[in-house]
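Reading the structure
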Amino acid sequence: MNLINIIKKYINIIKPGILLGNLISFLGGIFFAFHGHIFFTKLYLSSIGTILVIASGCIFNNIIDRDIDKTVQRTKNRVLAKKLIKLKYVYFFAFFCGIIGFLILFLYTNFLVFFNGMCGFLIYVIVYTLCMKRFVPYATLIGSISGAMPILMGYCTINSQIDLICIILFLILIFWQIAHFYSISIFRIKDYQKNNIPIFSVIRGIFLTQILIIINIFLFIIFTISLYFLEYTGIIYFSIIIFFNVIWLFITILSIFHTKIFLFSRISFIFSIIIIFLFNIMIGIDYIH
Ligand code: HEM
Ligand SMILES: CC(C)=CCC/C(C)=C/CC/C(C)=C/COP(=O)(O)OP(=O)(O)O
């Protein structure tokens, strides 16, 4: 029982929801680039390396943010905010995951996968969490660069080159994350206001944030369907993606005219998660080569 509790705490500090989302992006990138054969060991080792590197980034993020986390309603019960594990063990866990993860990527994948992983890690931990999150209103835009790396790591595991598809995938993930986080920033606005965290909705207001979400969903739609028109994906991908995208856009536009702004932004957030999972699954299934 005690051991299970300890394991639960360690799982909690690697941010399992965000880690799973990023892993699915990584796998989407792999299967999208897949040309009919892949060595199982390559798939297995690159996945393990990527999981460890992201887990390490999330643990460092938890360590750095533990002071603000304890003052924010949404995060006040986090393991490190409540000091439920000794910090020296957490540091050890973070360094262990990071060193082993990067070593695996370096030895068993290619330079681009390792390089993208390094960029994702440094941007998330140093640039976003340490230097920007609590001081700069546009920190999310920089944080999004790290969230766009796992799909590129997956793609580059198979195709070790930066090409047009990489740029499209990168932009898709950027637009998605901005819409994803700005929806959260509306229904959690009081939390951010109370803690003086300078995010867009707090500084520029809810209406402008809603407009920005709509613009980003619109750009997300353009770039996701471009994969179909450029003949990288098939009609099943196109039908599913366009169907869910239009609902997502419709709900978000509706939120401008409705009084239940918080409810609508929460629904928009839930949709963002459903859509990114569907997108990553569909590019992995219905690709054309
Ligand atoms: C590809 C990158 C991302 C993925 C895959 C992702 C995925 C997820 C998932 C699955 C959840 C729900 C589970 C959970 O709370 O852990 C979530 C929640 C959340 N995400 Fe993201 N996310 C990404 C990027 C971002 C970015 C860039 C930000 C902000 C800068 C962000 C902020 C949040 C917040 C604050 C929550 C908690 C929402 C709440 O209040 O309940 N995420 N994300
Ligand atoms: C290769 C590599 C390491 C990639 C990083 C992938 C990753 C973890 C992306 C998430 C990006 C992000 C800014 C999330 C918000 O975190 P937050 O810490 O602001 O969320 P919180 O407020 O819930 O703590």
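Throughout what follows, the structure given in this document is the object of discussion. Since the model is a prediction, treat every value here as computed from it, not as a measurement. The written sequence of each chain sets the order in which its residues are numbered from 1. Starting at A for chains and at 1 for ligands, labels are handed out in the order in which the entities are written. Note on the predicted model: pLDDT of at least 70 is required for a residue's local features to be given, and 80 or more for side-chain atom pairs to be given and counted; whole-chain, interface and lining totals, by contrast, use all residues. Only heavy atoms go into the side-chain values, all of them from the structure, while hydrogens and water stay out.

Details of the coordination of the iron atom of ligand 1
The donor definition counts N, O and S atoms within 2.8 Å of each metal and applies 3.2 Å to Na, K and Ca; water is not among these atoms, so some sites may look incomplete. Of the protein atoms, His 180 (NE2) alone serves as a donor to the iron atom of ligand 1, at 2.2 Å. Strands are runs of DSSP state E lasting at least two residues, helices are runs of H or I lasting at least four, and both sets are numbered from the N terminus onward. With respect to the helices and strands, His 180 occurs in helix 9 (residues 164-187).

Observations regarding the site of ligand 2
Inspection of the region around ligand 2 gives 17 residues, with Lys 15, Asn 61, Arg 74, Arg 78 and Tyr 128 positioned closest. With respect to ligand 2, the side chain of Lys 15 contributes an N or O atom lying 2.7 Å from an oxygen atom. Between ligand 2 and the protein, one listed contact pairs an oxygen atom with a side-chain N or O atom of Asn 61 at 2.7 Å. Protein chains shield 90% of the accessible area of ligand 2, which is 630 Å² for the free molecule. Elements with a minimum of two residues in the shell around ligand 2: helix 2 (16-33), helix 3 (40-64), helix 6 (111-132) and helix 7 (139-147). Ranked by residues supplied to the shell around ligand 2, first place goes to helix 6 with 5 residues. Residue polarity follows a fixed list, in which Ala, Val, Leu, Ile, Met, Phe, Trp, Tyr, Cys and Pro are nonpolar, Asp, Glu, Lys and Arg are charged, and the others, Gly among them, are polar. Residues belonging to the shell around ligand 2 are distributed by class as follows: 6 nonpolar, 7 polar and 4 charged. One heavy atom within 4 Å of a molecule or strand makes the whole residue count as near it. Contacts described as polar in this section are N or O atom pairs within 3.5 Å, which, within protein, must combine one atom able to donate a hydrogen with one able to accept it, while residues neighboring in sequence count only if both atoms come from side chains. Accessible surface area values rest on a Shrake-Rupley calculation with a 1.4 Å probe, where residue burial reflects the displayed protein chains alone.

Points about helix 14 (residues 261-285)
Taking 1.5 Å per residue, 25 residues should reach 36 Å; helix 14 reaches 36 Å between its end C-alpha atoms and fits that length. Turning to helix 14, its buried residues are Phe 264, Ser 265, Ser 268, Phe 271, Ser 272, Ile 275, Ile 276, Phe 279, Asn 280, Met 282, Ile 283 and Gly 284. Summarising the contacts, the buried residues of helix 14 are in contact with helix 2, helix 8 (149-158), helix 9, helix 12 (206-229) and helix 13 (235-257). Expected span, for any helix, means 1.5 Å times one less than how many residues it has. Each residue is assigned to one of three classes by its accessible area relative to the maximum for its type, calculated with a 1.4 Å probe on protein chains only: buried under 20%, partly exposed between the two thresholds, exposed over 50%. Contacts are assigned to residue pairs with any non-hydrogen atoms lying within 4.5 Å of each other.

Topic: the nonpolar core
The set of buried Ala, Val, Leu, Ile, Met, Phe, Trp, Tyr and Cys residues whose side-chain atoms join them within 4.5 Å is what this entry labels a nonpolar core. One finds Leu 169, Leu 227 and Phe 279 to be the most contacted residues of the largest nonpolar core, which totals 83 residues. Here this core takes 16 residues from helix 9, the largest share from any one element. Segment limits for the domains were obtained from an automatic or database-derived domain assignment. Lining this core are residues from two domains, each supplying at least three of them: domain 1 (10-161) and domain 2 (163-289). With near-sequence residues (within four places) excluded, Phe 279 lies in contact with Ile 151, Leu 169, Ile 172, Leu 173, Thr 224, Leu 227, Tyr 237 and Ile 241.

Here we look at the site of ligand 1
By nearness alone, 18 residues border ligand 1, and Arg 74, Gly 147, His 180, Phe 181 and Arg 188 come closest of all. Within the side chain of His 180, an N or O atom sits 3.1 Å from a nitrogen atom of ligand 1. Interatomic distance of 2.6 Å between a side-chain N/O atom of Arg 188 and an oxygen atom of ligand 1. Among the elements of the structure, helix 2, helix 7, helix 9 and helix 14 are those that each provide at least two residues to the shell around ligand 1. Ranked by the residues each element gives to the shell around ligand 1, the list is headed by helix 9, at 6 residues. The residue inventory of the shell around ligand 1, partitioned by class, reads 9 nonpolar, 7 polar and 2 charged. When residues of the shell around ligand 1 are sorted by domain, at least three fall in each of domain 1 (10-161) and domain 2 (163-289).

A look at the packing of helix 2 against helix 8
Axis angles are defined between N-to-C directions and span 0 to 180 degrees, where every axis is a line fitted to C-alpha atoms and, for a helix, only to the segment in contact. Contact pair helix 2 / helix 8: the axes reach a minimum separation of 7 Å and the direction vectors enclose 30°. The pairing of helix 2 with helix 8 is recorded here as roughly parallel in orientation. In this structure, the crossing between helix 2 and helix 8 has a hand that is right-handed. For the pair helix 2 and helix 8, contact is made by Asn 22, Ser 25, Phe 26, Gly 29, Ile 30, Phe 32 and Ala 33 and by Pro 150, Ile 151, Met 153, Gly 154, Tyr 155, Thr 157 and Ile 158, respectively. The class makeup of the residues in the contact of helix 2 with helix 8 is 9 nonpolar, 5 polar and no charged. Roughly parallel means an angle under 35 degrees; roughly antiparallel means over 145; roughly perpendicular covers 65 to 115; every other angle is labelled oblique. Helix crossings fall into two classes, left-handed where the near helix is turned counterclockwise from the far one by less than a right angle and right-handed where it is turned clockwise.

Re the packing of aromatic side chains
Stacked, tilted and edge-to-face are the three classes applied to pairs of Phe, Tyr and Trp rings, where Trp contributes its six-membered ring and a pair requires centres within 6.5 Å; stacked means planes under 30 degrees apart, edge-to-face means over 60, and tilted covers the rest. As enumerated under the stated definition, the model contains 24 aromatic pairs in all. Pairing Tyr 228 with Phe 229 gives two aromatic rings, centres 5.2 Å apart and planes at 75°, and the pair type is edge-to-face. Judged by its relative accessible area of 56%, Phe 229 falls in the exposed class. One aromatic cluster is present, formed by Phe 60, Phe 95, Phe 102, Phe 106, Phe 114 and Phe 121 through successive ring pairs.

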